[in-house]
Structures are given as C-alpha cells and as structure tokens.
Amino acid sequence: METLASAITILAQWNVLIALLIGSIGGVIIGALPGVGAPVAIAILLPATFSFEPIVGLTLLLGIYGSSMYGGAIPAILINTPGTAVNALTTYDGYPMTKRGEGHRALSLAYSASFFGGIFSVLCLIILSPVLALIAPHFGSREIFLAAFLGILLVVLAHRGQTFAAAMLACFGIFLSTVGLEPVKYTKRFTFDQTFLTSGVDLIVVVLGLFAISQALLLLVDKDHTPGEAHVEGSIFTGLKELIGIKRIATVSSSIGVMMGMIPGVGEFTSQFLSYTYARKTSQNPEKFGDGSPEGLVASEAANNAVPGAAMIPLLALGIPGEALTAMMLSVFYVHNVIPGPQLFQTQLDFVMALYIALILLNVFVLIFLLFSTNLLLRIIQIPTRFLGMMILTLSFVGVYSLRNSVTDCALAGGFGVFGLILKRLNLPIVPIILGMVLGSIMEVKLRSAMARVKTPLDFVDRPIAALLFIAILGIIALHIRTLIAEHRNRITPQPVGGDEPTQQG
C-alpha cells in the first residue's frame, strides 16, 4: 500500500498529468494522420523530453505510444486507410461495416475493444509486478546478455520472408553501436580519424533519420494526397454494451496481446494475427470475417492495444527493449540516469507502479476524448500529405540540431533518412537496425562483465535462468531451420494440376 501511495503521489504532480493528457490526446491525433504514426512522433519529441524530469518525459511518450492505435482505427474504419501500420488488420472488418452504414457501430466497438485491451494488460502487469520483483534480481550479466541475444534473434525471425535482410540490418545496427570509444580501454573504433565519430553514432540521430526524415521524404516524393471526407452519426457508447456480448473474444485477444508483448521482437502484428485467427476459428459465423464481422474487429483492436503495456516488461525488468518505440524510451531512462533492469524493481518500485497507473489513466483520457470528438478528428486528418511531409522534415531537423547544436548531426540524420527511404521503397525492415544498436551495446557490456567469471564455455550457462535462455535460443534456431527445410521441400515437390493426384515426372 505504501508503494501504491508513493506512485500516486508521483503521478499527482501537475506537470506529469499535463504531459500525460497532451501525450494521450496528441497520440490519438498523430495515429489518425495516415503516414505519420507513433514512431515518427516519438522520434521528433525525444530531444525535447531530455530536458524534462524522467517521469514527465516518459508519461508523454507513453501517452503517444499507448493512444496512437486508438486514432489509427478511425481512418482504417471510415476511409479504408489505416492511420498506423498496426491498424491494417482493422480495415478487414471495419471498412465493410462502414459501407453497410454502420460506421458509428464499428468505431464504438473499436474504441471499446481498445480500452478493454489496454486496461486488461495493465492490470495483468500490476499483478505480475511482485513476481517480477522476485525474478529480476536473479538476472546477472550472463542472463541479460542471453536475453538480449534472444531479443535480436526473435526480431530477425519475426520478419518472415525477409530473415536474411533483417539479420544483415540487425548486424549493421550492432556495428553502429561499436563506433567511437570502446567502453573499457577507451580505444577508438571505426572512427577513421574523424573527430565527429569519436563520441559514436548517436541513437537519436539514427532514430530521427530512419523513422521521421525517411517518412517525410516518402510523403514528399509520392503523389500529393488528401484523405477523403467522412462523418459519423449515432451514439459511440453502444460499443461498450455490445462488447459484453463478445467478452470471450476480447479477453482471449487481450491475453494474447499481453503474452506477445512480453516477448521481445514479437509485438502487435503477431498478436493481431493470432487473436484474429483464434476468433475466426471459434466463431459461429466465420464466413463474416473480412466482410464486416464485429468479432474480427474486436479481436484485432483488443490484441494490439494490449501490447504497449506488456512491452514495458522486458524494458523495465531487464533493460531490454522489445521494439523500436521502447528502445527510444530506453534512451530517456539513460539520459536521466534511471537504469532499467533488476535493480529498478528493488529500489524504485513506486516509479514502476506510477508508469503502470499512467497507462490506465491514458486509456481513460483517450476513451473520454474519442467519445465526444471523433468528427472533429475527421476534419483534422484532412491534411495534404506533402504539407505533412514538410512539417515532419522541418521538425525532425530542428530536433536533431537541438541535441548538440551540431550541423554534422543534421547531415548524419539526413543520410540515414535517405537510407531509410531506400529501405522503405524496397519494403525492407527498419526496426532491426535500431534494436541492433540498443541491444548490441547492452550485449557488449554484459559479455565483457560476464567473461571475467567464465573459465569454460559451460560456465556461461551453469545457472538455471541462463540455461533456460540458452535452451530457448537453440530451440528457436532449430525450429526455424525445420521450417526452412519444410518450405524447401514444398517448393520442390510437384504440385497437382487439374486434380488431386500429383503430376508424374519422367
């Protein structure tokens, strides 16, 4: 109870509540703007949050992170254009409902399912906090190194069909983390006698370049487009009642979102796919999925909104981000000398609880805001894409320059922006680079620390948690190899032509 009271005291500060309110409402607006999304907004705001208190900066970013998917559902449902990539699955059933004249019902269901998923995940985390406080101290250097390596492995393997490209980009991110003075003997690595590389490649410069500037360039080079007009009539409160009738789908989908969010490198897409598949297989009307099924809409929105809260678990307990957005938040911790990891739950449990309560409050703020302002948001999102791109580009360079008043940083960010644009044009993932940079530096420090106590290779995995993580790594690699072999056999096996029997080969 004392911890809870202390957490409430932390949140009760006026600047914290204002930051949470601005982040929550701003996240909805940003999520509703096609072509922007939470990563771009958080990348732009990162330099500004460094001057705030840690709880203020983190609640602002958490507000954007947790609320952007609410806003992304609005254009996905009404104009078949997902505001964020995560809301792409929402278009499958949301837009067909709009075409039937049930746009208000679809939005109401989406808001209600999102709210349910968000609250459900935070309640799960609050219940799990005492368990995490007991487990986290057992993670030493070896365990954190293996957990970080497992995170990179999962990020790479999550990109099905692009595994090799994702691995190469993750390795590129790890390489970037090694540039500059190494952390033990302070020798120069890969600086090529360039003074500006001595301090390394700044994570925020790379983030702003790959996410914000590349997206601005993409909007500028593409054909100018203004989202179509839409209007919603009817009560938005009806979805709260309708959700009770499909509470099983909402509960299971939220549970899947929590489990997937806790695993580094998995995230919203996998949780949505699994929950949508579950809902379709267990539905009495599976033929309606993809053609305006309320169950499909609820499964998608409940799952993706349950992930943000759960994604804070590996970040807070181990200091290991599971995706790009939590990697950005990690930099805010480091700037303020608040180090996530095993010690955080022992020494600053009230701070952790304050973040969880902030996640509950942001869902409440967002739901109240959306119930009364959906039509206002529909007018706001009608911004020409090239004008939006110019705004993002300007704000990005202002943010980069404000870091160290360095034109060199701006040039580096511009270079990474062009590189990010090329990756997006080639449909290659950007996230592995960021996680490679963050997890690569963690792996290097923890490996060097661990090797001082390791005499033989088996010493590295002689503790229970380290052994379990090592077995998990081997199991995942073996499973992936098995999948590749099965796919290869399917490609070389002759397929039936015009009948059930396979064709004969001479």
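The rules we used
- Each chain has its residues counted from 1, running along the sequence as written.
- For a predicted model such as this one, the threshold for reporting local features is a pLDDT of at least 70, and the threshold for listing and counting side-chain atom pairs is 80 or more; totals across whole chains, interfaces and linings nevertheless cover every residue.
- Heavy atoms from the whole structure form the basis of all side-chain values; hydrogens and water molecules are not counted.
- Only runs of H or I of at least four residues qualify as helices and only runs of E of at least two qualify as strands under DSSP, and these elements are numbered from the N terminus.
- The classification of residues rests on relative accessible area computed with a 1.4 Å probe and restricted to protein chains. Under 20% of the type maximum is buried, over 50% is exposed, and intermediate values are partly exposed.
- The positive count covers Lys and Arg only, the negative count covers Asp and Glu only, and His and the chain ends enter neither.
- The working definition used for a salt bridge is a side-chain nitrogen of Lys or Arg within 4 Å of a carboxyl oxygen of Asp or Glu.
- What qualifies as a polar contact is a pair of N or O atoms within 3.5 Å, subject to a donor-acceptor requirement within protein and to the restriction that residues adjacent in sequence count only when both atoms come from side chains.
- Note on contacts: a residue pair is in contact if any heavy atoms of the two residues lie within 4.5 Å.
- Residues are said to line a cavity or pocket when one of their atoms sits within 4 Å of a point; the points come from a 1 Å grid over protein atoms alone, cavities being sets where a 1.4 Å probe fits but cannot get out and pockets being open sets with protein on both sides within 12 Å along at least five of seven lines.
- Grid points are joined across faces, edges and corners, and a volume is the space filled by probe spheres set on the points.
- Residue type decides the class: Asp, Glu, Lys and Arg count as charged, Ala, Val, Leu, Ile, Met, Phe, Trp, Tyr, Cys and Pro as nonpolar, and the leftover types, Gly among them, as polar.
- Throughout, nonpolar core names a set of buried Ala, Val, Leu, Ile, Met, Phe, Trp, Tyr and Cys residues whose side chains join them through atoms within 4.5 Å.
- Two rings belonging to Phe, Tyr or Trp (six-membered ring only in the last case) form a pair when the distance between their centres is within 6.5 Å. Interplanar angles under 30 degrees mark stacking, angles over 60 mark edge-to-face geometry, and anything in between is tilted.
- A helix is expected to reach a length of 1.5 Å times the quantity of its residues less one.
- Fitting a line to C-alpha atoms yields each axis, with helices limited to the stretch in contact; the angle taken between N-to-C directions then spans 0 to 180 degrees.
- An angle below 35 degrees is treated as roughly parallel, one above 145 as roughly antiparallel, one from 65 to 115 as roughly perpendicular, and anything else as oblique.
- For any helix crossing, the convention is left-handed if the near helix is rotated counterclockwise from the far helix by under a right angle, and right-handed if that rotation is clockwise.
- A patch is a set of surface residues, each over 30% in relative accessible area and not in a salt bridge, joined within 9 Å for like charges and within 5 Å for the nonpolar side chains Val, Leu, Ile, Met, Phe, Trp and Tyr.
- Areas reported as accessible are Shrake-Rupley estimates using a 1.4 Å probe. Residue values count occlusion only from the protein chains shown.

Caption draft 1: View of the side chain of glutamate 295. Along the chain, glutamate 295 falls in helix H13 (residues 294-318). No salt bridge forms around the buried glutamate 295; measuring N to O, its nearest opposite-charge neighbour arginine 248 is 4.9 Å away. Within the local environment of glutamate 295, its side chain forms a polar contact with the side chain of serine 283, the two groups lying 2.5 Å apart. In this view, glutamate 295 contacts Ile246, Ile249, Ala279, Ser283 and Phe289; residues no more than four positions away in its chain are not counted.

Caption draft 2: Region of the structure containing the pattern of salt bridges. The full count for this structure, using the stated rule, is four salt bridges. Arginine 463 is the partner of glutamate 143 in a salt bridge, and the nearest nitrogen-oxygen pair spans 2.9 Å. With glutamate 143 in helix H7 (residues 141-157) and arginine 463 in the loop between helix H19 (431-451) and helix H20 (464-492), this residue pair connects regions lying 320 residues apart in the sequence. Using a relative accessible area of 1% as the deciding quantity, one classes glutamate 143 as buried. Salt bridges linked by common partners bring Arg189, Glu444 and Arg448 together as one network.

Caption draft 3: Highlighting the layout of surface pockets. The calculated volume of the second largest pocket comes to roughly 730 Å³. Val201, Asp202, Leu203, Tyr334 and Ser441 are, among the 27 residues lining the second largest pocket, the residues nearest its centre. For the lining of the second largest pocket, the elements supplying multiple residues, two or more each, are helix H8 (163-178), helix H9 (203-221), helix H14 (324-335), helix H17 (385-404) and H19. Per-element tally for the lining of the second largest pocket: the top contributor is H19, with six residues. Looking at side-chain class alone, the lining of the second largest pocket contains 17 nonpolar, five polar and five charged residues.

Caption draft 4: Structural detail: the nonpolar core. Of all hydrophobic cores here, the largest spans 114 residues; its most connected members are Leu316, Leu355, Tyr356 and Ile392. The contact partners of leucine 355, leaving out residues within four places of it in the chain, are Ile55, Leu58, Leu62, Met312, Leu316 and Phe333. In terms of nonpolar packing, the next biggest core, distinct from the first, is built from 32 residues, Leu78, Ala113, Ala299 and Leu377 among them.

Caption draft 5: Structural view of the environment of leucine 17. Along the chain, leucine 17 turns up in helix H2 (residues 14-32). Judged by its relative accessible area of 33%, leucine 17 falls in the partly exposed class. For the pair leucine 17 and alanine 358, spaced 341 residues apart in sequence, the C-alpha to C-alpha distance is 8.7 Å. If we ignore the near neighbours within four places in the chain, the residues touching leucine 17 are Leu11 and Ala12.

Caption draft 6: A look at the packing of aromatic side chains. Taken as a whole and judged by the stated rule, the model has four aromatic pairs. Taking the centre distance of 5.8 Å and the plane angle of 70 degrees together, the rings of phenylalanine 172 and phenylalanine 419 count as edge-to-face. Residue phenylalanine 172 is located in helix H8, and its partner phenylalanine 419 is located in helix H18 (residues 407-425); the two are separated by 247 residues in the primary sequence. Residue classification places phenylalanine 172 among the partly exposed positions, given a relative accessible area of 28%.

Caption draft 7: Fine view of H8. Between its first and last C-alpha atoms H8 spans 23 Å; for 16 residues at 1.5 Å apiece the expected length is 22 Å, and the two agree. Among the residues making up H8, those that are buried are Thr163, Ala166, Leu169, Ala170, Gly173, Leu176, Ser177 and Thr178. The elements touched by buried residues of H8 are H7, strand E1 (180-181), strand E2 (188-189), H18, H19 and H20. At the exit of H8 stands glycine 180, carrying a positive phi of roughly 110 degrees.

Caption draft 8: Local environment of the packing of helix H5 (residues 90-99) against H13. The N-to-C vectors of H5 and H13 enclose an angle of 135 degrees; their axes lie 8 Å apart at closest approach. By the angle between their directions, the pair H5 and H13 is classed as oblique. In the crossing of H5 with H13, the sense of the turn from one axis to the other is left-handed. Judged by residue contacts, Thr90, Asp93, Gly94 and Met97 of H5 engage Pro294, Gly296, Leu297, Ser300 and Glu301 from H13. Grouping the constituent residues of the contact of H5 with H13 by class yields three nonpolar, four polar and two charged.

Caption draft 9: Molecular detail of a nonpolar patch on the surface. A contiguous nonpolar surface patch, about 370 Å² in accessible area, is contributed by Trp14, Ile18 and Ile22. Along the chain, the position of isoleucine 22 falls in helix H2. Overall, isoleucine 22 belongs to the exposed group, its relative accessible area being 52%.

Caption draft 10: Representation of unusual backbone geometry in the model. Backbone geometry at phenylalanine 190 places phi at a positive 55 degrees, although glycine is not the residue there. Mapped onto the fold, phenylalanine 190 is located in the loop between E2 and H9. Even without a glycine there, the phi angle at asparagine 427 is positive, about 60 degrees. Considering the arrangement of structural elements, one finds asparagine 427 in the loop between H18 and H19. For asparagine 427, a relative accessible area of 58% puts it in the exposed group.

Caption draft 11: Just the packing of H5 against helix H6 (residues 103-135), in detail. Between H5 and H6, the least distance of the axes is 7 Å, while the angle of their chain directions is 150 degrees. By the criterion of interaxial angle, the relationship of H5 to H6 is roughly antiparallel. Between H5 and H6, the contacting residues are Gly94, Met97 and Thr98 on the first element and Gly103, Arg105, Ala106 and Leu109 on the second. Its residues assigned to classes, the contact of H5 with H6 comprises three nonpolar, three polar and one charged.

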